[in-house]
There are 2 protein chains.
Amino acid sequence: MTGPAAPTPSALATLHPLPLSAVRLHPDGLLGGWQERNATATLPHCVDRIGAHGNLANLRRVTGDVDTEFAGMWFADTDVYKTLEAVAWETGRTGGSSEFLTDVAALLEKAQEPDGYLNSYYQVDRRDQRWTDLGFSHEMYSAGHLVQAAVAAARGAADDLAAGQLVAVARRFADLLVRRFGPAGAETIDGHPEVETALVELYRLTGHRPYLDQARRFLDLRGHGRLGEGRFGPRYWQDDTPIREQDEAVGHAVRQQYLLAGAVDVAVETGDAGLLAAAERVWRAALTSKTYLTGGQGSRHKDESFGDPYELPPDRAYAETCAAIGSFQTAWRLLLATGGSGYAEEMERLLYNGIAASTAVDGRAFFYSNPLQLRTGHDGSHEDTPSQRLGWYSCACCPPNLARLMASLHAYAATGDARGMQIHLYAAGTITAAGRTVQVRTDYPWDERISITVTEVADGPWTLALRVPAWCRDVRLAVNGSPARVDVREGYLRLTRSWRGGDQVELVLAMPPRLIAAHPRVDAVRGSVAIARGPVVYCLEHADLPVTLDGTSFEELELDPASPLAVATGDDLAPVTIDVPLRVRTASADALYSAYVPAERGGTPSLTVPAIPYFLWANREPGPMRVWIPVAAGNALPDAHGKVRGTTVSRDGR
Amino acid sequence: MTGPAAPTPSALATLHPLPLSAVRLHPDGLLGGWQERNATATLPHCVDRIGAHGNLANLRRVTGDVDTEFAGMWFADTDVYKTLEAVAWETGRTGGSSEFLTDVAALLEKAQEPDGYLNSYYQVDRRDQRWTDLGFSHEMYSAGHLVQAAVAAARGAADDLAAGQLVAVARRFADLLVRRFGPAGAETIDGHPEVETALVELYRLTGHRPYLDQARRFLDLRGHGRLGEGRFGPRYWQDDTPIREQDEAVGHAVRQQYLLAGAVDVAVETGDAGLLAAAERVWRAALTSKTYLTGGQGSRHKDESFGDPYELPPDRAYAETCAAIGSFQTAWRLLLATGGSGYAEEMERLLYNGIAASTAVDGRAFFYSNPLQLRTGHDGSHEDTPSQRLGWYSCACCPPNLARLMASLHAYAATGDARGMQIHLYAAGTITAAGRTVQVRTDYPWDERISITVTEVADGPWTLALRVPAWCRDVRLAVNGSPARVDVREGYLRLTRSWRGGDQVELVLAMPPRLIAAHPRVDAVRGSVAIARGPVVYCLEHADLPVTLDGTSFEELELDPASPLAVATGDDLAPVTIDVPLRVRTASADALYSAYVPAERGGTPSLTVPAIPYFLWANREPGPMRVWIPVAAGNALPDAHGKVRGTTVSRDGR
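Model, not experiment: these values are computed from the prediction.

1. As for the packing of aromatic side chains
Taken as a whole, this structure holds 48 aromatic pairs over all chains when the rule is applied. Ring geometry for Phe181 of chain A and Phe218 of chain A: centres 6.4 Å apart, planes at 50°, overall tilted. Here the residue Phe181 of chain A occupies a position in helix α8 (residues 160–181), and Phe218 of chain A occupies one in helix α10 (residues 209–221), the gap between them amounting to 37 residues. Between Trp332 of chain B and Tyr412 of chain B, the ring centres sit 4.9 Å apart and the planes meet at 80°, which makes this aromatic pair edge-to-face. Placement of the pair is Trp332 of chain B in helix α12 (residues 321–338) and Tyr412 of chain B in the loop between α14 (398–407) and β3 (414–417), with a sequence separation of 80 residues. For the pair formed by Trp332 of chain B and Tyr412 of chain B, the shared burial category is buried.

2. Concerning the relation of the copies chain B and chain A
Between the two copies, chain B and chain A, the superposition gives an RMSD of 0.0 Å; the rotation angle is 180° and the shift along the axis is 0.0 Å. With respect to symmetry, the two chain copies, as superposed, fit the operation of a two-fold axis. Looking at chain B, 100% of its interface residues are interface residues in chain A too, so the copies touch through the same face.

3. Overview of the environment of Ala414 of chain B
All names here are of chain B. Considering the arrangement of structural elements, one finds Ala414 in strand β3. When its relative accessible area of 0% is taken as the criterion, Ala414 is described as buried. It is 24 Å that separates the C-alpha atoms of Ala414 and Gly96, two residues lying 318 residues apart in sequence. Leaving out residues up to four positions away in the same chain, Ala414 has contacts with Leu18, Trp332, Gln422, Ile423, His424 and Ile431.

4. Thoughts on the environment of Thr321 of chain A
Residue and element names in this part refer to chain A. Tracing the sequence through the fold places Thr321 in helix α13 (residues 321–338). Along the backbone, Thr321 and Val62 are 259 residues apart, and their C-alpha atoms lie at a distance of 31 Å. One polar contact links Thr321 to Ser358, side chain to side chain, over a distance of 2.9 Å.

5. What to know about the domain arrangement of chain A
Residues and elements named next belong to chain A. Parsing chain A into structural domains produces domain 1 (20–373 + 388–412), domain 2 (414–509) and domain 3 (514–650). In this complex, domain 1 contributes 20 residues to the contact, which on the side of domain 2 involves 22 residues. In this structure, the connection of domain 1 to domain 2 is made through two salt bridges. Of the charged contacts, one joins Glu345 and Arg467 as a salt bridge, the two residues approaching to 2.9 Å between their closest N and O atoms. For the interface between domain 1 and domain 2, the tally reads nine residue pairs in polar contact (both at pLDDT 80 or more). Those elements that place two or more of their residues in the side of domain 1 that touches domain 2 are β1 (23–25), α1 (30–52), α13 and α14 (341–355). Per-class residue counts for the side of domain 1 that touches domain 2 are 13 nonpolar, four polar and three charged.

Analysis parameters
Residues numbered from 1 in each chain as written. Chains lettered and ligands numbered in written order. Predicted model: local features only at pLDDT ≥ 70, side-chain atom pairs only at ≥ 80, totals over all residues. Heavy atoms only, no water. Phe/Tyr/Trp six-rings, centres within 6.5 Å; stacked < 30°, edge-to-face > 60°. Helix = DSSP H or I, 4+ residues; strand = E, 2+ residues; numbered from the N terminus. Buried < 20%, exposed > 50% of the residue type's maximum accessible area, 1.4 Å probe, protein only. Least-squares fit on C-alpha atoms with pLDDT ≥ 70 in both. Contact = heavy atoms within 4.5 Å. Polar contact = N/O pair within 3.5 Å; in protein donor to acceptor, adjacent residues only side chain to side chain. Domains from an automatic or database assignment. Salt bridge = Lys/Arg side-chain N within 4 Å of Asp/Glu carboxyl O. Nonpolar A, V, L, I, M, F, W, Y, C, P; charged D, E, K, R; others polar.

Here's what the structure looks like:
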């Protein structure tokens with residue numbers, strides 16, 4: 001997670017991250033509430049799991065403190081590092097101390113080889129095999145996560161001793177990488193990108209140029225087939241085309257996104273406009289033909305990879321949590337580099353859908369894969385496609401990834417410097433930039449109103465930039481009680497004035513429920529619509545069907561696009577639901593295939609079912625769910641104005 | 001391949017297979033032509049590949065005749081056995097001899113351990129590991145294919161010496177299985193069913209009851225979790241539910257079908273009505289919710305498995321060739337057991353679509369996975385999803401499976417005994433049953449006419465039963481030039497008379513092109529139609545688009561269901577094509593997701609593209625293909641009679 005601005009700002013950086021202490025999210029708000037839940041439930045759960053599953057023991061056997069067998073995946077150390085990173089962000093966020101942080105920092109220092117190497121899979125049982133299988137070993141991937149934990153400790157943690165230990169451990173490992181794989185060393189790369197972005201972060205922290213150079217070198221070495229075929233061919237690990245020449249998002253989705261994040265980091269710090277343009281190009285290519293409505297990416301279970309353009313099945317969506325987090329990370333970096341509102345747009349979409357859906361309401365269970373449909377009769381018996389979230393996974397990369405994102409979430413809400421503040425994510429809380437502080441009061445995304453009060457000022461004019469989401473067609477603004485003209489440029493409302501304490505801005509982002517269709521090339525959801533309100537995608541879940549309907553009726557639901565959607569107050573689970581008028585299709589003849597018969601004009605809806613936010617699905621009894629709802633055929637045609645009576649349709653709404 | 005009738009016919013057998021010599025398919029006909037191509041191209045190709053890829057060398061290193069490393073998959077022996085089986089059927093079919101058969105029979109006899117064990121993966125390098133990993137080892141699967149090769153040699157081959165050797169080898173291995181895994185032995189099963197059907201075939205050949213008992217024992221032991229979790233959970237290898245209690249087709253599609261085939265074999269020979277009913281139930285469950293229009297099965301690449309009910313994506317259809325062959329095998333056995341026309345129906349559908357598509361027109365390249373859609377921009381770089389057929393695969397199970405099916409294809413065309421003959425598959429050729437011979441002249445499936453001449457008769461009345469496919473809505477019959485009443489009962493026209501030499505039956509199965517829709521629960525092809533004529537499913541291929549259309553236009557094609565389809569004479573590739581009126585959708589706005597807008601009434605079609613038989617796709621330059629074509633929205637509604645003007649629509653046509 002990119003924290004404070006680079007010590008040597010590049011001409012390619014447009015926006016500037018704020019210090020971690022500059023933003024505080026209120027626990028009463030949704031985002032602040034997520035941070036609280038992360039602190040009180042998810043993070044302790046992760047700490048407990050890496051104990052119970054032997055990840056910590058793996059490191060203690062390196063130090064000789066325990067005598068156990070190695071447990072888990074060969075990259076099991078990364079579950080520890082990511083949890084450690086989350087703890088580091090968390091102690092920074094709330095100012096507390098952490099015995100875990102202290103203990104693990106000491107453990108890692110003790111476990112590290114004198115030459116800087118650190119990897120519990122290799123240090124005891126396979127001492128002569130280090131670096132021999134970089135396509136699969138994840139050794140540099142592991143080093144990268146270690147480095148990111150150290151950077152988080154340095155930026156966030158209150159415990160300087162532990163932070164100092166971790167940074168020293170990270171630097172020794174990074175120095176080893178530079179010695180071994182630097183310009184005088186082997187020309188090789190890790191099958192799983194991660195170390196690139198980590199090394200740039202370490203460079204930002206230390207100012208030590210070789211770390212940046214090494215990250216760039218790894219990027220340059222990739223894309224020429226050095227990794228060979230592996231199990232899935234060179235595209236899987238983005239080794240068939242150099243990134244500067246890529247024009248398509250390919251292969252394993254997490255690898256692709258981590259690679260892009262590293263590419264933007266290197267580009268920004270080295271002023272490499274061509275590399276930045278390539279990263280933008282690839283990221284956009286994913287966005288325009290290989291991304292789910294939830295922001296999720298990865299259409300294929302077999303190799304956790306992107307599919308062909310427009311290959312986006314909702315039921316077999318892989319949409320790995322780590323890929324959504326990776327996309328968020330790349331988007332953040334691109335936002336900083338370019339200021340482009342589309343990147344903040346995607347961060348928001350991911351946050352409220354693909355990412356939020358990954359954690360159960362109690363914070364202690366997670367989805368690895370995030371499908372947009374679960375069928376009646378679904379086989380949820382295997383951890384690859386469970387019907388509900390699980391407490392852990394044999395490959396446990398997702399939960400600690402969620403934990404570290406949530407612990408640092410406040411760092412992504414806004415950017416700013418002496419010239420102004422840019423608010424990208426709306427959440428109750430306070431934000432400070434260059435001596436100016438604003439207090440944000442809102443119940444976003446449930447409520448359309450955002451109230452911003454300037455509580456601290458400094459001399460001179462200052463621009464407050466407020467993002468207006470692309471889905472929003474009706475924006476209203478008032479400053480100190482008076483309606484103000486709405487002038488949205490490149491996705492932001494910019495208010496430049498010499499602010500005074502107590503100045504108040506009221507923003508209203510109208511969020512009527514809307515129907516969404518996919519590009520016609522997305523065959524998998526042809527003839528279906530999805531529902532959204534504001535940034536939140538909604539879904540139907542079996543638990544909300546009237547109990548009078550029988551077992552397979554969920555599969556026979558059809559939506560009448562001419563009947564209005566109605567916003568409703570939800571219950572404990574969902575603050576806002578959307579009442580959806582539906583019909584139940586007459587049970588079709590048994591035949592799987594039969595003569596085509598043009599659809600009859602549909603009848604009137606016979607029931608209303610409350611759609612809930614997609615991110616809240618699978619928190620009640622297990623059962624089918626769908627984001628994409630078949631449209632009842634042969635229904636009302638649009639009127640002369642192209643509007644379908646009764647529906648509020650936004651022109652190009654997302 | 002079940003050949004001659006069981007020595008002790010069970011009350012559960014309804015139809016009787018004919019001796020291999022009883023049916024000869026004319027090479028001028030499509031099916032006979034496939035057999036010729038198999039003999040002259042495919043089979044020599046397989047023989048060549050198992051030499052070049054080291055499969056034969058694996059066995060020669062067991063005998064000490066070569067000193068090489070083991071090559072290929074751990075079940076590489078089965079490529080040899082299946083090729084051998086094909087060669088055995090082929091020598092029986094054409095009466096020739098085969099050096100390959102002679103040599104390999106001698107090689108296997110020499111390689112076999114004294115106790116009967118034979119497996120080149122274990123006999124040299126892992127002598128102490130046999131039987132230690134039956135979930136994954138495929139040791140019994142391998143034995144099963146060896147046994148089937150021996151049975152084929154005994155039934156078909158002209159070379160009695162080689163056949164004798166092979167049967168002896170097979171019996172020694174089968175006796176070992178009985179000793180080790182019989183009632184006094186270990187309670188264990190192989191992760192991949194196959195040995196069950198093979199042991200029943202060996203029982204049919206030899207009359208040795210313990211082989212049948214062992215097959216039944218393996219079935220009984222399965223379904224109780226003995227194999228553990230493996231990689232994909234117990235459903236993958238059908239070990240979570242005993243087959244007698246199964247009501248859903250689950251897991252790896254080939255394993256499921258091979259298991260079902262074995263179950264029907266055991267049921268028929270032991271008179272186990274409950275087991276037969278279970279096999280029927282599971283096979284039908286697959287048919288009604290988990291089978292592609294081509295007959296293909298397996299919706300998931302990751303574990304080559306069935307998906308959830310109605311989860312049938314055309315693009316990511318796995319539809320493994322071996323699964324289609326397995327379904328064909330099970331259907332054949334159920335046809336023999338029950339006489340149900342639906343089984344012959346499915347055999348035909350598989351043969352002309354899912355199975356036929358697997359082989360290139362030149363007979364030397366194959367599809368492993370048989371998708372129903374290939375997109376523009378498809379990544380065909382990996383053997384998992386190539387854009388064209390490949391000469392071989394790292395797992396080469398499919399080509400030899402095709403070879404052995406094609407070499408014995410004539411055995412499936414008809415059944416019969418002294419009471420009558422039942423013709424299930426129409427093909428030019430001659431068929432003899434109980435002293436009566438008929439000559440079939442037809443250009444089916446291109447031509448609707450089938451002409452049957454009785455050329456040999458015997459005393460007494462005799463019933464000629466002719467299958468009338470369910471897709472056929474208009475059947476005409478003439479006997480000796482006079483129109484006859486068409487009386488179809490349970491899928492067959494039955495003509496009972498005292499036939500005289502020269503008697504002629506003319507059958508006309510009208511086959512206008514028809515549009516097919518899927519059950520509405522098949523989300524993946526909602527709003528699309530497929531085209532078929534007779535048993536043949538058709539597709540659009542990029543190669544047939546006018547060159548004036550640009551690169552992505554294939555993805556924008558829409559069909560107008562109100563415009564008529566027209567049959568046309570094809571070219572070298574396809575004897576009959578179907579002209580499909582299409583529109584090219586206005587290039588949609590770039591946005592992947594946008595506001596739902598009800599579809600406008602479509603315009604008139606602007607071009608006609610010839611659809612070709614799906615089984616002939618991917619024989620020209622690589623490019624996109626689709627079976628399911630989006631229907632242009634908002635088009636003509638049906639008239640008062642429920643008919644859409646201009647289209648011949650069959651009521652429930654398949």
